[in-house]
Each structure stands twice: as structure tokens, then as C-alpha cells.
Amino acid sequence: MHNTDNPPLPSGLFTHRQADVVVAMYQNVAIEDDLGTHFRLVIRDTDGMLIWRDWNFAPGAGVMLNRYIAGDDIRKPQV
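Rules of the game
Residues numbered from 1 in each chain as written. Predicted model: local features only at pLDDT ≥ 70, side-chain atom pairs only at ≥ 80, totals over all residues. Heavy atoms only, no water. Phe/Tyr/Trp six-rings, centres within 6.5 Å; stacked < 30°, edge-to-face > 60°. Helix = DSSP H or I, 4+ residues; strand = E, 2+ residues; numbered from the N terminus. Buried < 20%, exposed > 50% of the residue type's maximum accessible area, 1.4 Å probe, protein only. Pairing = 2+ DSSP bridges. Axes fitted to C-alpha atoms, helices over the stretch in contact; angles between N-to-C directions.

S.K.: Can you help me understand the packing of aromatic side chains in this one?
M.R.: Where two aromatic rings form a pair, the distance of their centres and the angle of their planes describe that pair. Across all of its chains, the model carries three aromatic pairs by this definition. Their ring planes at 65 degrees and their centres at 5.9 Å tell us that Phe14 and Phe39 sit as a pair that is edge-to-face. Within this pair, whereas Phe14 is found in the segment before α1 (16-25), its partner Phe39 is found in the loop between β1 (29-32) and β2 (40-44), the two being separated by 25 residues in sequence. Here the two residues Phe14 and Phe39 agree in accessibility, since each one is buried.

S.K.: Help me understand the pairing of strand β3 (residues 50-55) in this model?
M.R.: Sheet topology note: the β2/β3 ladder contains five bridges and is antiparallel. Considered in β3, the bridge of Ile43 is made with Trp52. Taken together, β2 and the strand that follows it, β3, pair antiparallel across an intervening segment of five residues, in which Gly48 is found at a positive phi of about 85 degrees.

S.K.: So what exactly am I meant to see when it comes to the sheet that holds β1 here?
M.R.: Two pairing modes exist for strands in a sheet, parallel and antiparallel, and in both the strands are linked by backbone hydrogen bonds. Ordered by their spatial adjacency, three strands build an open sheet running β1-β2-β3, and the pairing between neighbours is antiparallel. Bordering the open sheet on either side are β1 and β3, each of which pairs with just one other strand. This sheet shows a mean twist of 25 degrees between the axes of neighbouring strands, independent of strand direction. With four bridges joining them, β1 and β2 adopt antiparallel strand pairing. Across the sheet, the residue bridging to Ala30 is Val42, located in β2.

Here's what the structure looks like:
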């Protein structure tokens, strides 16, 4: 399990820039339904099945996203 003392997203709403950083760091994490200021961050398993998704503006959106990111080994390999 990854270090949860420094989660990749804030526990509440998050910006597109913050989401872009997470997408660059982790496999199976993507931005979907991108309307500019409103979008969903989506976590999928290796088969492409949905694990979790949430809108960037939802109260507490980062809480569960951080939990699933930390709980799965989805960090992109260092090259």
C-alpha cells in the first residue's frame, strides 16, 4: 500500500491541474466527461472495469479517489 500521509488529491474538490498530475502518475486513472471546469476522475482495473469515479466538484470527491488510488498498485512504473 502507498503512503496515505500525502494523498495525491485534496479530500474535497480538486482542479484540472491536480487531476492531470494524478493521471500522469498512475495507471488506469483518466479524466472523462471533460467539460473544462467540470470533469470526472475515473479509476479502472487492468481489464478496464470501473472501480470508482467522481466529479471534481463533488463534496469529498478526493476522499474515495485517494483511498482507491492508495489501495491498488496503480502507480506508473519509473522509466
